[in-house]
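# A closer look at the structure
Read off the chains here:
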Amino acid sequence: MAKVKQDEAQGLAEGLGLDEMEQLDDSEFDLPEVMATPSLESILNEPDDDSFNLDEQNLDIFQDASGETASLVSLESLASDKPLVPKKKAHIQYASHGSILRHVVLKGVSAQVMSAADRVDAGMPTAMAVSHLIAVGTSHGLILVFDPKQVLKWCLGSTAVGAQYGAVSALSINHDCTRLLSGFAKGQITMWDLTAGKLLRTITDAHPPGTAVLHIKFTDDPTLAVCCDSGGSVFELSFKRLMGMRTCESRCLFSGARGEVTAIEPLLSTDSVQDHPMKEVSLLAMASLSKMLIVSLKPHLKVLFAHPLKGEPTTLPVLAWQFVMIQISDTTRIVDPVIAFGRGNKLFFFQVSYQEDEIKFSALQKMELQYVIIAVTWVNSRTLVLVDAHEKVHVLDVRTEEELEVIDISDVQLVYASSFFKSLATGGNVSKALALAGERACYNSVVSFSNQLLYLGTKSIHVMTIRTWMERIDLLVKQNKYIEALAMAESFYMGRARAVVGLHGGSEKRTQIIADKMLDLLLTYVDVSMTTQCPASGKIEVLVEHYQTVVPVCVDYCLLLGRRNATLMKDILFGGIYDRFCQDPIARGVFLECLEPYILNDNLRSVTPQVMKDFMEHYQHKGLLQNIEACIVHMDVANLDVHQVVVMCWLHGLYDALIYIYNKGMQDYITPLEELLRVLQSAIKSSKQLTDDQTFLAATQRDRLFKLKLPKCKKQTIKLGNKLLVYISCCLAGRAYPLGDIPPTLVDTVKSEVFKCVTTLHTKDASEGEQTYPYLRTLLQFDTREFLNVLALAFEEPEFNTEDGMRQRQRIVDILLQVMVESVGFTPTQVGCLFTFLARQMARHENSILVNRLLFEQVLEFLASPEDDSRHEERQQALLELLNAGGLQQVDEEKLLSLAENARFYRVCELMYEKRRDFDKILACYLRDAARRQQVFSFIHTVMTAYGYSNEERNAVHREAMTQLEDLVSINSKKTAQLVITDFSHSLTEIVSKLDPQPVVLYDFLQGMFDSKEQMMKDPVSTEPSVTEKYIDLMCKYNPQGVMAFLKNNDTYRLEETLQICRKHKSLEATAYLLEKAGDVQGAFNIMKETLVNKVKALSQLMLSDSSNTPTQDSQTQVAVSSVQTILLVIIQILQRNSGKMKEEEREALWFPLMEVMLAPQRKHRDSLSQEQIQAYKDLTRHVLNSMMGYIALPAILQKIMQDPAYNTGKFGEIRELLLGMLDTYNYEQTLLKTTNSLLSHDLHWSLCNLKAAVNKGLVPRQEDCGVCGQHFSTTEEQDSVIVFSCGHAYHTSCLQSVGGCHMIQGTPNWKCSLCNVARREAKTGRGRTLSWSSASAASKQVEPILGAVSHPRSDDDTRLSPQQELSYAQFQKSFRGPSRMAILAELKRATKYESSGKPQDQKKIFSSSSSILQNENFQLKVAAPPVIE
């Protein structure tokens, strides 16, 4: 019997393993016919086509990318691609991860649950538990238990019991699948034997009655369970069996009175961690709405950990345990449980470790998500699956917090336990917080088992599992997404993939498995690309584009796999894949062309000889020889057919590739140099364009002939010569050509051999008439300057600084002199290049190069030759370096200076003048040197301001600068002006007088001076008015448009003189501005009005003549209108600036004539102009009217308009906009006035309230005796009174009068505190003034603004003012004191009472009164917000 049970349990366990499900399908759900009387189980297991079809037709079952529906154990059905009812869902699948979760429907279980609801009134599903069996509780109290094949095994309970207990609210199956605990909505708990389907216990007293069971959980101990009710309490259930009786003892672990627990989760061990020390401790995690607790149940109850939880009131906490492998160090890893908990959008991770007989908790991570979590489950130690409030499943990688996939499961219609959290079955006796938070409770609807997630829907049950790595790739292959499949395989290969399942073994083994899969996938992709996915028709460009997409993919992944096995890469890429592409000529060509970028980037350095041969033939056929050459220098020579490559290089002149083959393949650096120098020598000697005739050159040291082709043209000759120069330079510098470095062991040998080759006396097969040093002559004749530069670079190498190196350098110099100077064949320019080279070498190597004196003089004369303009700067630099190195000490200084001046070597002259300290001549050098003319200003400034220069030298520079002033201004007028301001400010008038005969130069200078605003602000210089006026005079002549702006921004001119200048030049706008500035507003207006009249007249004439309406005439009319608008705007600005200072009659005398100017053309030409032209005048008139409304009374404006013939006839619509604009202006000003009055009233009220509060504030004396006589106030005589100041001092009025504390000012007594007055005089501070009110009563009070004054005893010798002096001082203060704030507010308020009367003349009368403080020309009103009243 035990063996039978063991086999059954093993069968159940294997039934859930995905690797054992392949033989099952939907047909196995049909049960054989039962001959006996049908039971409930047999009724529910009867095949029902309608119930099965319900999955696909009536229930909009979720489908993923593959549309999979299957049983829990069937791999065939899991992998099926049956299309379901399409529906658009928010399914987010990231390309880098693909589809991770497989989503299927348990059709058998779902159909039977729905059949039970219809046939036996089982009710809707409410809770679910999963182990090796699946248990589903219903709303009518039944529990349906299914085996792994989705066959109903047990139907536990009955509808009668359901009516008594209510709906099943929680389920739990123990570890070995022998017991089932069920909790009900009315609080009962039952235990069932799953092996026999019998009821073992009914528990009714485990927790307080009237509360629903929200959670019930088995622990690792089969006799221990925990439950949580809707009251928020947690209880421990201990199952015992004594004397054949089954009992249950309950212990309260947490009372809901201290906070309602809504989630519990015990730590359950797995088979992989049987020996973990935590197995001996039974841990339980509990979460309330505000806190998460972890307690130990065994060996004794103890709170181990607490963490606060915060979230929205509508969210519940979530809990999930998982054993995770944690990396402690590079070599140490441990497996510890990790608790994930959170609420809302926050999730916390803590490690639970057992250290030194103590359980410790370590914070690992915190996540803040963008959504609210309602369920959290682990699918493996690195992957977490979350369900958010919108019923979307999120797959997360825990370590990186990266979101891998999002699946919408809204079609599942998830079952929520909100009715149990509200405890509706028992009357709803729960807290409002729990009822609100429980709206999205799905603890018993989202469960996990063996890395599978099950979701309980209202009509179906769904399961999600993680696809293995191979299934994820195969799914993409099935969808014909080969490139995506290869990319995913690469991510597995490189270790970047997330949620990896199904890869076992060590790192090497896993990598090899993935590599094999990638190879199979790659070969399949090539076959598919050549067959099914290949374009069947169309242009050849389409086919080429197709292969250009396919080939790089193949090369990339072959190179990736070749990092571990290069041989395998070559066998695959240049074997099977290349052979497959060779079946199509187009594909073969595209394949070969796609190899080029990989070769050039050094990603592909090794190619099989056959492929390389095909590659070269293909490129040669297409004429891409330069591409071949570029690729050869990046290839490994060992993989090349050297003979084939060398012959082709000689044949087609691929010199770079030829040099590379000799250098890398044969370690020969001299042969290619000699052979190519011969080719260059022959090309130079021919001195004409060569033909394609082949020339055969035999190399005496080689045993085979090469077919050479000489360069076809001069351009190819130059190319060859430049390559040789670069090659020689690289060899002498220790670098390989064209890239890389020479092996360190060969560097010295290569340098020596190259020098010997270049300087060889005769070639190996020299003829009788061969000149000496043929190779050196060839290089010098090709490009003397560049070859000498190559030698100059070589001379900088370290080996030339030794004694042998210096001898070698001298030998080369001697050879150069012998070849170029002592023989013929070189032009003077080439000899000049040699002399320049010698001069620079002599300067750099401290005269270690010896040259004949006569030859040296030739070198010097050549460098300073005035007739030769070629390489002027280079020759000057050579002479300068030679001079700095001391190589010209034997040359006469005067002769050298004369040579430099004649040759225009100004830098050499500067160096020699500086030694003589002739700085004025250096200035002349700067001016004559076109390349350095801009530096003359900094030079002059340095001499005039820096230390180390005498006054005589500065004066000499000053005189020279004055002499060359015109040149300085022509170079940069602004810098010249800055120089004058900073260094020659005392000579400004002299400079202006000197430049006066040249007005253009003077204008440039003055413009630069006045434009230097920043410099003038940093170092202000007083400018005489005559200078400014001179500049204005010149500006009126050369830049009249800028006069107005200058006059506004500058005030260093005299008004009358400037006005005369502007009148002389007829600068009307500037004249008007100056007249306005002088106070003659009428004159300014008349000038601008005259201009406006002329502009309007011209506009009218243009409009009258514009009869054809051509585009040219239209543009001229627009320009004329714009000109009138500009002048009109200037006039309006003048009038607006000055209208506030004028009387009403004066304002009308200005504004009305302006309006008349605009109205006159409309009256005169109203019948001759078109409607559009009249409208242009009306727009200008409207602008004038809108501008004058704030200064002229509206009735006067309206009367003026209505009297004008242009507006007094016609319809109202013509002046409608004008009138409405006037009314809008009136309404705006009226609203502004009301708002201002309201603010003033509020301000006045606030001030009066503060003053009243200050006056009514009680005053408390510091002491109870008089500050003068010292007597107690209780002894005060009846005719006397007491006065108290705000400072706290108190006096008898008679005593205060006796010490001069009271003065009569305009009949009002003015009291002052005697002690404080003395203290202020002693401190010599006269700040503050006292406003006091006194009375004859005994409680007289005074407001004193000075607080905290210190009392000092009086002395007889204190100096005081007499009463008459204090009275005079007060009158003096009053005369200079401005109006008080109260007076201003009162006068402004007085005008408001006339507003409602409708008589503006009364208000005008008040403000125009001569006694009004508002009419004082010094009156200023500073408006600020009042302080906040507390």
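Position numbers for residues count from 1 along each chain, tracking the sequence in the order it is written. Local features in this predicted model are restricted to residues whose pLDDT is 70 or higher, and side-chain atom pairs enter the listing and the counts only when it is 80 or higher, whereas totals over whole chains, interfaces and linings include all residues. Working from all heavy atoms in the structure, the side-chain values ignore hydrogens and water.

### Structural notes on the overall build of the chain
The way it works is that DSSP assigns letters per residue, a run of H or I at least four long becomes a helix, a run of E at least two long becomes a strand, and they are numbered from the N terminus. In terms of helices and strands, the chain carries 52 helices and 36 strands. A fraction of 59% describes how many contacts in the chain between residues 6 or more apart in sequence connect residues 24 or more apart. Working definition of accessibility: Shrake-Rupley area with a 1.4 Å probe, residue cover restricted to the visible protein chains. When the accessible area of the chain is evaluated, it comes to approximately 71200 Å², of which 52% is carbon and sulfur surface. Contacts are assigned to residue pairs that have any heavy atoms within 4.5 Å of one another.

### Focus on the pattern of salt bridges
Salt bridge, as used here: a side-chain nitrogen of Lys or Arg that lies within 4 Å of a carboxyl oxygen of Asp or Glu. Under the counting rule described, the total for this entry stands at 29 salt bridges. One salt bridge connects Lys366 with Glu368, and the closest N-O pair in it is separated by 3.7 Å. Among the residues examined, Lys366 registers a relative accessible area of 41% and is labelled partly exposed. Ionic pairing is found between Arg807 and Glu803, a salt bridge with its closest N-O pair at 3.2 Å. One end of the pair, Arg807, and the other, Glu803, are both in helix H24 (residues 803-820), four residues apart, so they sit about a helical turn from each other. Per-residue accessibility, obtained with a 1.4 Å probe over protein chains only, is compared with the maximum for each type, and a residue is labelled buried under 20%, exposed over 50%, and partly exposed between these values. Accessibility expressed as a relative area gives 48% for Arg807, which makes it partly exposed. Residue classification places Glu803 among the exposed positions, given a relative accessible area of 56%. Within the structure, one salt-bridge network assembled from shared partners comprises Lys751, Glu797 and Glu799.

### Section: the nonpolar core
Phe581, Phe591 and Ile632 are the most contacted members of the largest nonpolar core, which totals 133 residues. It is helix H12 (residues 540-562) that provides the largest number of residues to this core, a total of twelve residues. With near-sequence residues (within four places) excluded, Phe581 lies in contact with Val526, Met530, Tyr547, Val550, Val551, Cys554, Ala587, Arg588 and Phe591. Joining through side-chain atoms within 4.5 Å is the link that ties buried Ala, Val, Leu, Ile, Met, Phe, Trp, Tyr and Cys residues into a set, and such a set is a nonpolar core. Ala864, Phe905, Phe1010 and Val1096 belong to the second-largest nonpolar core, a separate cluster that totals 110 residues.

### So, helix H21 (residues 747-758)
Helix span, expected: 1.5 Å multiplied by one less than the number of residues in the helix. Across its twelve residues, H21 extends 17 Å between first and last C-alpha, which sits within 8% of the 16 Å expected from 1.5 Å per residue. By the burial criterion, the buried members of H21 are Val747, Val750, Lys751, Val754, Phe755, Cys757 and Val758. When H21 is viewed along its axis, its buried side chains cluster within an angular range of 160° and face the same direction. Exposed and oriented more than 90 degrees from the buried face of H21 are Asp748 and Lys756. It is the directions from the helix axis to the C-beta atoms that the arc portrays.

### Examining the confidence of the model for the chain
Confidence of the predictor at the level of single residues is given by pLDDT, which spans 0 to 100. Averaged over the chain, the pLDDT score is 77; the fraction of residues at 70 or greater is 79%. The low-confidence segment residues 1-88 (pLDDT under 50) makes 162 contacts with residues lying over four places distant or belonging to another chain.

### Concerning the side chain of Glu391
Here Glu391 lies in the loop between strand S24 (383-388) and strand S25 (392-397). Filtering out sequence-adjacent residues up to four positions away, Glu391 remains in contact with Ile407, Asp408, Ile409, Ser410, Leu414, Tyr416 and Arg440.

### Description of the sheet that holds strand S29 (residues 461-466)
Here a strand pair is declared whenever DSSP counts at least two bridges between the two strands. A sheet is described by the order of its strands in space; here four strands give the open sequence S2-S29-S28-S27, paired in antiparallel fashion. Strands at the two margins of the open sheet, each flanked by one partner only, are strand S2 (101-105) and strand S27 (446-449). Mean inter-strand twist for the sheet, computed between neighbouring axes without regard to direction, equals 25°. Pairing of strand S28 (residues 452-456) with S29, which is carried by five bridges, proceeds in the antiparallel orientation. In the strand pairing of S29, Leu453 is matched with Met464. Between N-to-C directions, angles cover 0 to 180 degrees, with each direction set by a line fitted to C-alpha atoms, over the stretch in contact for helices.

### Description of helix H19 (residues 671-686)
For H19, with 16 residues, the first-to-last C-alpha span of 23 Å sits near the 22 Å given by 1.5 Å per residue. Counting buried positions over the 16 residues of H19 gives 13, a clear majority of the element.

### Overview of the packing of helix H13 (residues 566-581) against helix H14 (residues 585-600)
Angle between the axes and distance between the axes are the two parameters that describe a pair of packed helices. Relative to each other, H13 and H14 sit at 140°, their axes nearing to 8 Å. Taken as axis vectors, H13 and H14 run oblique relative to one another. Contacts between H13 and H14 involve Leu573, Phe574, Ile577, Tyr578 and Phe581 on the former and, on the latter, Ala587, Arg588, Phe591, Leu592 and Leu595. Partitioning the contact of H13 with H14 into residue classes produces nine nonpolar, no polar and one charged. Here roughly perpendicular refers to angles of 65 to 115 degrees, roughly parallel to angles under 35, roughly antiparallel to angles over 145, and oblique to all remaining angles. Any residue outside Ala, Val, Leu, Ile, Met, Phe, Trp, Tyr, Cys, Pro, Asp, Glu, Lys and Arg is labelled polar, Gly included; the first ten of those are nonpolar and the last four are charged.

### A look at the packing of aromatic side chains
A pair of Phe, Tyr and Trp rings is counted when the ring centres sit within 6.5 Å of each other, with Trp represented by its six-membered ring. The angle between the planes then sorts it: under 30 degrees is stacked, over 60 is edge-to-face, the rest tilted. If you walk through the whole model with that rule in mind, you get 24 aromatic pairs. Seen in terms of ring centroids, Phe349 and Trp378 are 6.0 Å apart; in terms of plane orientation they differ by 80°. Their pairing is edge-to-face. Of this pair, Phe349 sits in strand S21 (residues 346-355) while Trp378 sits in strand S23 (residues 373-380); the two residues are 29 residues apart in sequence, bridging distant segments of the chain. On the basis of relative accessible area, Phe349 is assigned to the buried category, the value being 2%. For Trp378, a relative accessible area of 7% translates into the label buried. Seen in terms of ring centroids, Tyr482 and Tyr525 are 6.1 Å apart; in terms of plane orientation they differ by 35°. Their pairing is tilted. Within this pair, whereas Tyr482 is found in helix H10 (residues 482-494), its partner Tyr525 is found in helix H11 (residues 507-530), the two being separated by 43 residues in sequence.

### Topic: the pairing of strand S22 (residues 358-368)
Strand direction decides the pairing type here: S21 and S22, joined by ten bridges, are antiparallel. Residue Ser353 lies in a different strand from S22, and its bridge partner there is Lys360. The antiparallel pairing of S21 with S22 creates a hairpin that spans two residues between the two strands, and Glu356 there sits at a positive phi of about 55°.

### Focus on the pairing of strand S13 (residues 234-242)
Here five bridges tie strand S12 (residues 224-229) to S13, and the two strands are oriented antiparallel to one another. Its bridge partner being in S13, Val226 is matched across the sheet by Glu236. In terms of strand pairing, S13 meets strand S14 (residues 245-254) through nine bridges, oriented antiparallel. Note that in S14 the partner of Glu236 across the bridge is Arg251.

### Comments concerning the environment of Phe348
Checked against the element boundaries, Phe348 lands in strand S21. Taking the C-alpha atoms as reference points, Phe348 and Ala363, separated by 15 residues in sequence, lie 7.9 Å from one another. Apart from the residues within four sequence positions on either side, Phe348 is in contact with His307, Leu309, Ile339, Ala340, Phe341, Gly342, Gln365 and Lys366.

### Observations concerning the packing of helix H22 (residues 774-782) against helix H23 (residues 784-795)
For the pair H22 and H23, the least separation of the axes is 5 Å and the interaxial angle reads 120°. Considered as vectors, H22 and H23 are oriented oblique to each other. Contacts between H22 and H23 involve Leu776, Leu779, Leu780 and Phe782 from the former and Thr784, Phe787 and Leu788 from the latter. Of the residues contributing to the contact of H22 with H23, the split by class is six nonpolar, one polar and no charged.

### Structural notes on the sheet that holds strand S8 (residues 179-184)
Taken in spatial order, the four strands of this open sheet run S7-S8-S9-S10, and their pairing is antiparallel. If you trace the sheet from one side to the other, it starts and ends with strand S7 (168-173) and strand S10 (198-203), each paired once. In this sheet, neighbouring strand axes are inclined to one another by 20° on average, regardless of whether the strands run parallel or antiparallel. Of the strand pairs in this sheet, S7 and S8 are connected by five bridges, and their pairing is antiparallel. Along S8, the bridge assignment pairs Ser172 with Leu181.

### Re unusual backbone geometry
With omega at 5°, the peptide bond leading from Tyr737 into Pro738 counts as cis. By the secondary structure assignment, Pro738 is in the loop between helix H20 (714-733) and H21. Unlike most non-glycine residues, Cys177 shows phi in positive territory, near 60°. On the secondary structure map, Cys177 appears in the loop between S7 and S8. Classification of Cys177 by relative accessible area gives buried; the value is 8%. Phi at Tyr773 takes a positive value of approximately 50°, unusual for a residue other than glycine. Here Tyr773 lies in the loop between H21 and H22.

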